[in-house]
Amino acid sequence: MKTGLGVKPVRKGEKLAVLLPGMGAVATTAVAGAVAVRRKLASPIGSLTQLGHLLDERGEVGPRVSDVLPLASLDDLVFGGWDPIPDDAYAAASRAKVLTHDHLDPIRAELEAIKPMPAVFDKEWVRRLDGPNVKKGTLREKAEALQADIRGFMQRHGCARAVMVWTGSTEVYAQVGPAHQSLKAFEAALDKSDPTIAPSMIYAYAAIKCGVPFMNGAPNLSQDTPALQELAEREGVVTGGKDFKTGQTLMKTTIAPMLRARLLGLDGWFSTNILGNRDGEVLDDAASFKTKEVSKLGVLDQILDPRRHPELYGDMDHKVTIHYYPPRGDNKEGWDAIDLVGWLGYPMQIKVNFQCRDSILAAPLVLDLALLADLGQRAGEKGAQEWLSFFFKSPVVNPGHSQVHDLFQQQTNLHAQLRRYAQAVAATSQSKVG
């Protein structure tokens with residue numbers, strides 16, 4: 001991650017395109033929420049950029065983030081995206097059944113105007129979904145079509161800048177292979193329509209080629225491959241981590257730091273979920289669940305550090321399961337059974353039953369990541385932005401750096417970077433006055 005020396009200002013009325021691959025429950029909840037908030041019909045609860053205050057080095061609360069940082073205004077956001085199902089955002093949001101029509105109907109016209117562009121989609125990567133609104137051709141042709149979509153959307157809507165936030169489904173599990181090792185190998189694989197190139201990789205490639213930051217809301221292997229990291233560095237484009245931190249992992253990265261801080265032992269942590277939305281249907285496929293499982297399982301080892309405390313965490317048992325249960329819809333329920341050990345080895349237990357709303361938790365993260373990625377891009381950053389780890393289950397870090405999963409350490413790192421930006425903006429303002 002390169003640290004910029006200054007932050008380019010946002011000119012009043014300058015439009016920012018927020019492009020969303022996957023116009024399902026998360027995307028439509030985020031879009032409808034942002035439109036409702038700018039119409040003053042709702043409150044942006046859960047959004048750091050809209051409600052949050054800057055924290056100083058001691059954790060003292062300072063000014064609002066939006067008062068000291070030049071973030072794009074909600075009034076200047078233009079939403080678009082891709083989906084294999086051709087429903088407009090109003091129809092898709094109605095089908096998702098996350099938001100009620102009390103929220104959707106007052107903004108129906110704005111949502112109906114957002115129609116998904118044909119998607120890059122392959123059932124080999126997401127086996128439980130299908131739809132007719134898809135691009136044809138070779139992988140190279142699809143990548144070029146996405147770039148044309150990005151540029152065309154920006155031109156049609158008069159956008160000066162754009163960001164892309166993946167809100168699509170979890171793809172089947174993949175590991176870095178020969179086609180992902182370098183940009184040269186990746187582009188050769190595109191030309192050959194190599195089956196190891198996933199749709200999410202093509203979106204990330206197209207975004208970065210267009211100078212557009214790419215944030216990944218799923219655990220898919222995409223912008224974190226060596227090839228696309230190389231491209232982001234070369235093109236000077238911001239990227240982030242993987243998989244929105246919501247629900248069970250949010251709880252896990254909150255409770256585990258307490259156990260470590262108090263030096264309480266852990267015998268085991270059993271996590272299970274029921275989920276009935278489109279994401280739940282996708283994760284009912286074992287190959288897609290594997291991708292999510294790997295994302296979830298990496299959290300405890302980093303936070304608890306069993307190598308440093310083998311007597312406390314060296315033999316812990318960590319299990320994660322997800323069950324597709326259609327009646328529950330987007331209202332995910334997560335159970336955690338935590339078996340911990342206290343003074344003299346006496347056992348204790350913690351039980352957590354989090355009855356959350358998956359897309360309601362994810363929606364403000366979509367907005368925050370879009371605005372903060374745009375901020376980082378205007379500050380001259382490039383590559384993986386470790387300070388954005390706060391928002392992700394799987395932080396992506398630069399070579400030689402370790403992942404940080406502790407929510408509170410992530411918050412500290414996030415606010416340290418935001419303070420640096422605020423100080424740079426203040427210094428620029430003072431020099432202009434002087």
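See the structure shown above.
This is a predicted model, so every value here is computed, not measured. (Residues numbered from 1 in each chain as written. Predicted model: local features only at pLDDT ≥ 70, side-chain atom pairs only at ≥ 80, totals over all residues. Heavy atoms only, no water.)

K.L.:
Before we move on, can you summarise the overall build of the protein with the specific residues and values?
P.N.:
Within the protein, the secondary structure is distributed over 16 helices and 13 strands. Here the C-alpha atoms of the protein give a radius of gyration of 21 Å, agreeing with the 22 Å that 2.2 N^0.38 yields for 434 residues. When each of the 434 residues of the protein is scored for burial, the buried share is 56%. For the protein, long-range pairs separated by at least 24 residues make up 77% of all intrachain contacts whose partners lie at least 6 apart in sequence. (Helix = DSSP H or I, 4+ residues; strand = E, 2+ residues; numbered from the N terminus. Rg over C-alpha atoms; globule rule 2.2 N^0.38 Å. Buried < 20%, exposed > 50% of the residue type's maximum accessible area, 1.4 Å probe, protein only. Contact = heavy atoms within 4.5 Å.)

K.L.:
Please set out the side chain of arginine 140 residue by residue, giving values where relevant.
P.N.:
Among the structural elements, arginine 140 can be located in helix α7 (residues 139-156). Here the side chain of arginine 140 touches glutamate 187 through a polar contact of 3.4 Å, landing on its backbone oxygen. Among the polar contacts made by the side chain of arginine 140, one reaches the side chain of aspartate 191 at a distance of 2.8 Å. The contacts of arginine 140, once residues within four sequence positions are left out, are Glu187, Leu190, Asp191 and Tyr205. (Polar contact = N/O pair within 3.5 Å; in protein donor to acceptor, adjacent residues only side chain to side chain.)

K.L.:
Give a description of the sheet that holds strand β10 (residues 333-341) that names residues and reports values.
P.N.:
Hydrogen bonding along the main chain pairs the strands of a sheet, whether they run parallel or antiparallel. Taken together, four strands build an open sheet; the order of strands is β9-β8-β10-β11 and the sheet is mixed. Two strands close off the open sheet at either side, each with one partner strand: β9 (317-324) and β11 (347-355). Each adjacent strand pair in this sheet contributes to an overall mean axis angle of 10 degrees, direction not counted. Taken together, the nine bridges between strand β8 (residues 265-275) and β10 define a ladder with antiparallel strand orientation. (Pairing = 2+ DSSP bridges. Axes fitted to C-alpha atoms, helices over the stretch in contact; angles between N-to-C directions.)

K.L.:
Give a detailed account of a nonpolar patch on the surface, specifying residues and quantitative values.
P.N.:
On the surface, Trp343, Leu344 and Tyr346 cluster together to form a nonpolar patch covering roughly 500 Å² of accessible area. If you trace the backbone, tryptophan 343 turns up in the loop between β10 and β11. (Patch = residues over 30% accessible without salt bridge, like charges linked within 9 Å, V, L, I, M, F, W, Y side chains within 5 Å. Areas by Shrake-Rupley, 256 points an atom, 1.4 Å probe, with all protein chains shown as cover. Salt bridge = Lys/Arg side-chain N within 4 Å of Asp/Glu carboxyl O.)

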